[in-house]
Number of protein chains: 2
Amino acid sequence: MNLKEKFRHVMDFPKEGIDFIDITTVLQDKDAFKYAMDSLIEKIKDKDFDIIVGPESRGFIVGAPIAYALNKGFVPIRKKGKLPYKTIQVEYELEYGVDVLEIHEDAIKSGQKVVIVDDLLATGGTTISNIKLVEQLGGIVTDIVYLVELEFLKGREKLKNYNVHSVVKF
Amino acid sequence: MNLKEKFRHVMDFPKEGIDFIDITTVLQDKDAFKYAMDSLIEKIKDKDFDIIVGPESRGFIVGAPIAYALNKGFVPIRKKGKLPYKTIQVEYELEYGVDVLEIHEDAIKSGQKVVIVDDLLATGGTTISNIKLVEQLGGIVTDIVYLVELEFLKGREKLKNYNVHSVVKF
């Protein structure tokens, strides 16, 4: 399957000049969705790890099916105020602003091996924040996988100490 | 497995007097997560339907794995301003306020059979909004499945014209 052509480009979202890669056209197409998830699973299925971490909200859509398929737990990273129990926090640099991300303080045990999954690698700012949260809890980030990588934003350079994988590159 | 005891109760979240059912303790436990997803899948695996719809954000975590496992597409319903393409909207009555929900106008084709999946049935307000969006696009809601049902809030009464299933009842 040519998965790349299944993504929709939405110009000027969320602001002028941005060519936004819309994953929903992949998600709603059962064959493209299966192919996308299988491709992500292929990247990590032979790795030794304990748990999948995915950030709100699109990281939930790509992370949870992989966790289920590989019989791992799933840990959500959320925006401030959404997680009900005790959390640790990190400031989160968006491409288009600043926010705070949280993880439950008991979500990961010290020494657990973690794979971070998200829909898209842009500048890498979100992922750096995710790594900080995981590592503050004593987790070891073994791999990071994305459905889409925007190569021209060079996010991979920020993550050069980690094993980074992506399924589709723009 | 006694899945019910795997949920964490967080008192006074998001406001005083609420006994919040925290699903993250189920998600992060690989055996509980698998059991929870398998139990949801069991409810609908023999049904005739085309696509899974799940609302932001926890509906993504429970809906996407089911869509993947049953080889269906997944359609996200999101808060206002998050979906990049053309949408239709509905006002959304939260248990604790009001918000707007959106779905892409081409997410569901007229006549498609839809299963709505969410983590929790409380008053049913969110689900009524989800149904409105699906039906405005011509979709047919065949079943609605929840991981958790708060029976004392009687959300099921609002949904008496639909096939409602839940895995765990509080």
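Scroll up for the structure.
Residues numbered from 1 in each chain as written. Chains lettered and ligands numbered in written order. Predicted model: local features only at pLDDT ≥ 70, side-chain atom pairs only at ≥ 80, totals over all residues. Heavy atoms only, no water.

From N to C terminus, chain A includes five helices and nine strands. Listing each helix as α and each strand as β along chain A from the N terminus yields β-β-α-α-β-α-β-β-β-β-α-β-α-β. On the principal axes, the C-alpha backbone points of chain A span a range of 40 × 35 × 30 Å. Expressed as a percentage of the 170 residues in chain A, the buried residues total 56%. Partitioning the intrachain contacts of chain A with sequence separation of at least 6 by distance along the chain shows that 55% fall at a separation of at least 24. Summed over its atoms, the accessible surface of chain A is roughly 7,200 Å², and 45% of this surface lies on carbon and sulfur atoms. Within chain A, the 27 negative side-chain charges are centred at a point lying 2 Å from the centre of the 24 positive side-chain charges. (Helix = DSSP H or I, 4+ residues; strand = E, 2+ residues; numbered from the N terminus. Buried < 20%, exposed > 50% of the residue type's maximum accessible area, 1.4 Å probe, protein only. Contact = heavy atoms within 4.5 Å. Areas by Shrake-Rupley, 256 points an atom, 1.4 Å probe, with all protein chains shown as cover. Lys, Arg positive; Asp, Glu negative; His and termini not counted. Charge placed at Lys NZ, Arg CZ, Asp CG, Glu CD.)

This next bit is on the pairing of strand 7 (residues 113-121) of chain A. Both faces of the sheet carry side chains from a regular strand, because those side chains alternate between them. All names here are of chain A. Among the nine residues of strand 7, seven are classified as buried, and the element is accordingly described as predominantly covered. Summarising the sheet, strand 3 (residues 51-55) and strand 7 pair through three bridges and their orientation is parallel. Residue pairing for strand 7: I52 is matched across the bridge by V115. Assessed by its sense of winding, the connection that carries the chain from strand 7 through helix 4 (residues 125-136) to strand 8 (residues 140-149) is right-handed. (Pairing = 2+ DSSP bridges. Right-handed = clockwise from strand over helix to strand, strands pointing away.)

This part is about the packing of aromatic side chains. Describing an aromatic ring pair means giving the distance of the ring centres and the angle of the ring planes. All told, the structure shown has six aromatic pairs over all chains when counted by the stated rule. Look at F7 of chain B and F170 of chain B: their rings are 5.9 Å apart centre to centre, the planes differ by 85°, and that puts the pair in the edge-to-face class. With F7 of chain B in the segment before strand 1 (8-11) and F170 of chain B in the segment after strand 9 (164-169), this pair connects stretches of sequence that are 163 residues apart. Sitting over the face of the ring of Y85 of chain B, R8 of chain A holds its NZ or CZ atom 3.7 Å from the ring centroid. (Phe/Tyr/Trp six-rings, centres within 6.5 Å; stacked < 30°, edge-to-face > 60°. Lys NZ or Arg CZ within 6 Å of the ring centre and 35° of its normal.)

Here the focus is the interface of chain A and chain B. Counting from both sides, the interface comprises 42 residues of chain A and, opposite them, 42 residues of chain B. Summed over both partners, the interface of chain A with chain B buries about 3,400 Å², with 62% contributed by carbon and sulfur atoms. The largest per-residue losses of area from chain A upon contact with chain B belong to Q28, Y68 and P84 of chain A, which jointly make up 21% of the total buried on that side. Run the count over chain A and chain B and you get two salt bridges. (Buried area = accessible area lost by both parts, 1.4 Å probe. Salt bridge = Lys/Arg side-chain N within 4 Å of Asp/Glu carboxyl O.)

Our focus in this paragraph is the relation of the copies chain A and chain B. When chain A is brought onto chain B, the operation consists of a screw motion whose angular component is 180° and whose axial shift is 0.0 Å, with 0.0 Å RMSD remaining. Taken together, the rotation angle and the small translation identify this as a two-fold axis. Proximity to the rotation axis, assessed at the C-alpha, singles out P65 of chain A in chain A; its C-alpha lies 2.0 Å from the axis. (Least-squares fit on C-alpha atoms with pLDDT ≥ 70 in both.)

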